[in-house]
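One letter stands for each residue in the lines below.
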Amino acid sequence: MTAIQKQIADQINSNNVVVYSKSYCPYCTRAKSELAKIIPSDMSVLILELDNMDDGSNIQNHLLELTGQRSVPNIFINKKHVGGCDDLLAKIKNGQIKSLLSN
């Protein structure tokens, strides 16, 4: 396991919600805003702005290998890959988000 792979695994396993984002991305902004409305205050949340990190592109490359998704936001809730903004919004709309948050 590479250092990047271990870093990502640790982030996903140590936090209830992990969002790999870019600070200028409107889809990331929307996803973070929607998550802020629904995440219980006792859940740990980690938001990483890949464009502000030295190894951001390496993280994004590994996320592609891990999830099949290169785009951001790349969202994990309780160790499950949710997908991007549209996937999150769909799960909020159809109620699946409640079961993801309760696991």
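By the naming in an unreviewed UniProt entry, the protein chain goes by Glutaredoxin and is assigned to Smittium culicis.

A. Focus on the overall build of the protein chain. The helix and strand tally for the protein chain stands at five helices and four strands. When its helices and strands are written in sequence order, the protein chain yields α-β-α-β-α-β-β-α-α. For 103 residues, the compact-globule formula gives about 13 Å, and the C-alpha radius of gyration of the protein chain, at 13 Å, lands near that figure. Oriented by its inertia axes, the alpha-carbon framework of the protein chain measures out at about 35 × 25 × 25 Å. When burial is assessed residue by residue, the protein chain has 43% of its 103 residues classed as buried. For the protein chain, contacts bridging at least 24 residues in sequence account for 61% of all contacts bridging at least 6. Carbon and sulfur atoms form 50% of the exposed surface of the protein chain, whose accessible area is close to 5700 Å².

B. Region of the structure containing the nonpolar core. Counting 15 residues, the largest nonpolar core has Val17, Leu35, Ile75, Ile77, Val82, Leu88 and Ile97 as the members making the most contacts within it. Residue contacts for Val17: discarding those within four places in its chain leaves Leu35, Ile39, Ser44, Val45, Leu46, Phe76 and Ile77. Within the second largest apolar cluster, 13 residues are counted, among which are Ile4, Ile8, Cys28 and Leu63.

C. View of the side chain of Glu34. Tracing the chain through its elements places Glu34 in helix H2 (residues 26-38). Overall, Glu34 belongs to the buried group, its relative accessible area being 17%. A distance of 3.1 Å separates a polar atom in the side chain of Glu34 from a polar atom in the side chain of Lys37. In this structure Glu34 touches Leu89 and Ile92, once residues within four positions along its chain are discounted.

D. How the structure looks around the packing of aromatic side chains. For the coordinates displayed, the defined rule picks out one aromatic pair. Both rings, one in Tyr20 and one in Phe76, keep their centres 6.1 Å apart while their planes meet at 85°; by these two values the pair is edge-to-face. Note that Tyr20 is positioned in strand E1 (residues 17-21) and Phe76 in strand E3 (residues 74-77), a separation of 56 residues in sequence.

E. Region of interest: the packing of helix H1 (residues 3-14) against helix H3 (residues 56-67). As a packed pair, H1 and H3 sit with axes 10 Å apart at the nearest point and diverge in direction by 75°. One element, H1, and the other, H3, form an angle in the roughly perpendicular class. Only Asn58, Ile59, His62, Leu63, Glu65 and Leu66 of H3 make contact with H1, whose side of the interface consists of Ile4, Gln5, Gln7, Ile8 and Ile12. Along the lines of polarity and charge, the residues of the contact of H1 with H3 split into six nonpolar, four polar and one charged.

Reading the values: rules and limits
Residues numbered from 1 in each chain as written. Predicted model: local features only at pLDDT ≥ 70, side-chain atom pairs only at ≥ 80, totals over all residues. Heavy atoms only, no water. Helix = DSSP H or I, 4+ residues; strand = E, 2+ residues; numbered from the N terminus. Rg over C-alpha atoms; globule rule 2.2 N^0.38 Å. Buried < 20%, exposed > 50% of the residue type's maximum accessible area, 1.4 Å probe, protein only. Contact = heavy atoms within 4.5 Å. Areas by Shrake-Rupley, 256 points an atom, 1.4 Å probe, with all protein chains shown as cover. Core = buried A, V, L, I, M, F, W, Y, C linked by side-chain atoms within 4.5 Å. Polar contact = N/O pair within 3.5 Å; in protein donor to acceptor, adjacent residues only side chain to side chain. Phe/Tyr/Trp six-rings, centres within 6.5 Å; stacked < 30°, edge-to-face > 60°. Axes fitted to C-alpha atoms, helices over the stretch in contact; angles between N-to-C directions. Parallel < 35°, antiparallel > 145°, perpendicular 65-115°, else oblique. Nonpolar A, V, L, I, M, F, W, Y, C, P; charged D, E, K, R; others polar.

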